[in-house]
Amino acid sequence: MKLKFFFASLLVSLATSANAVVIDFDSLEVANTTLNSISSNTYTEDGFTISGSPMYYAGQLHVDQYAGSAGLHMRSSYAQITLNDSINNVFSIESIGLSVLQNGGASPDVTFTGTLLGGDIVT
């Protein structure tokens, strides 16, 4: 995956139920001017784990990196962020919201790759 953008919101649902979960990154909302890092390289919310190295989120007062709501990003080209159910349940992604990394910046190419229940890979 080429990722240099914010995951602004992520709507996922478990394959075994109709209950949708929204990963909104609200716990990353901080009122500072810092580009904050996730030192553990994992972020867990609503039963899902997002991992990658290194992951960052901008403080609400950051002049040009805060996109209007919290989100995760990596600061390298061709980086890979992985989303897993925290207890390895099968799930589907219904939607994902992306935003540019920097105000006025350009959006890089993004490739999503997934593994189907039978093991096939889709992009």
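Above this text is the structure in question.
No experiment lies behind these values; they were computed from the predicted model shown. (Residues numbered from 1 in each chain as written. Predicted model: local features only at pLDDT ≥ 70, side-chain atom pairs only at ≥ 80, totals over all residues. Heavy atoms only, no water.)

**A closer look at the pairing of strand β7 (residues 82-85)**
Okay, so step 1: Alternating positions in β7 separate cleanly, Leu 83 and Asp 85 being buried on one face and Thr 82 and Asn 84 remaining unburied on the opposite face.
Okay, so step 2: Bridge count between strand β5 (residues 48-51) and β7: four bridges; the pairing is antiparallel. Bridging across to β7, Ser 51 finds its partner in Thr 82. (Buried < 20%, exposed > 50% of the residue type's maximum accessible area, 1.4 Å probe, protein only. Helix = DSSP H or I, 4+ residues; strand = E, 2+ residues; numbered from the N terminus. Pairing = 2+ DSSP bridges.)

**Some thoughts on the nonpolar core**
Okay, so step 1: Core analysis: the biggest nonpolar cluster contains 15 residues, and Phe 25, Leu 28, Ile 38, Tyr 43, Ile 50, Met 55 and Leu 72 have the highest contact counts within it.
Okay, so step 2: Going through the elements one at a time, β5 and β6 (55-58) are the ones with two or more residues in this core.
Okay, so step 3: When sequence neighbours within four positions are dropped, the list of residues in contact with Ile 38 reads Leu 28, Tyr 43, Met 55, Tyr 57 and Leu 72. (Core = buried A, V, L, I, M, F, W, Y, C linked by side-chain atoms within 4.5 Å. Contact = heavy atoms within 4.5 Å.)

**Digging into the side chain of Asn 36**
Okay, so step 1: Here Asn 36 is to be found in strand β3 (residues 35-38).
Okay, so step 2: Looking at Asn 36, its side chain comes within polar contact range of the side chain of Asn 32, at 3.2 Å.
Okay, so step 3: Among the polar contacts made by the side chain of Asn 36, one reaches the main-chain carbonyl oxygen of Thr 34 at a distance of 3.3 Å.
Okay, so step 4: Contact partners of Asn 36, with chain neighbours within four places excluded, come to Val 30, Met 55, Tyr 56, Tyr 57, Ala 58 and Gly 59. (Polar contact = N/O pair within 3.5 Å; in protein donor to acceptor, adjacent residues only side chain to side chain.)

**A short note on the environment of Ala 79**
Okay, so step 1: In this fold, Ala 79 is placed in the loop between β6 and β7.
Okay, so step 2: The buried category is assigned to Ala 79, whose relative accessible area is 6%.
Okay, so step 3: Remark: the alpha-carbon pair of Ala 79 and Met 55, spanning 24 residues in sequence, is separated by 9.9 Å.

**Some words on the packing of aromatic side chains**
Okay, so step 1: Following the criterion strictly, the structure yields two aromatic pairs and no others.
Okay, so step 2: Between the aromatic rings of Phe 25 and Tyr 43, the centroid separation amounts to 5.6 Å while the plane-to-plane angle is 35 degrees, which identifies the pairing as tilted. Of this pair, Phe 25 sits in the loop between β2 (20-23) and β3 while Tyr 43 sits in strand β4 (residues 42-45), and the two are 18 residues apart along the sequence.
Okay, so step 3: Classification of Phe 25 by relative accessible area gives buried; the value is 0%. (Phe/Tyr/Trp six-rings, centres within 6.5 Å; stacked < 30°, edge-to-face > 60°.)

**Considerations on unusual backbone geometry**
Okay, so step 1: The omega angle of the peptide bond from Ser 53 to Pro 54 is -15 degrees, so this bond is cis rather than trans.
Okay, so step 2: For Pro 54, the position within the fold is in the loop between β5 and β6.
Okay, so step 3: Although it is not a glycine, Phe 25 adopts a positive phi angle of roughly 60 degrees.
Okay, so step 4: In this structure, Asn 41 takes a positive phi of about 65 degrees despite not being glycine.
Okay, so step 5: Within the secondary structure, Asn 41 sits in the loop between β3 and β4.

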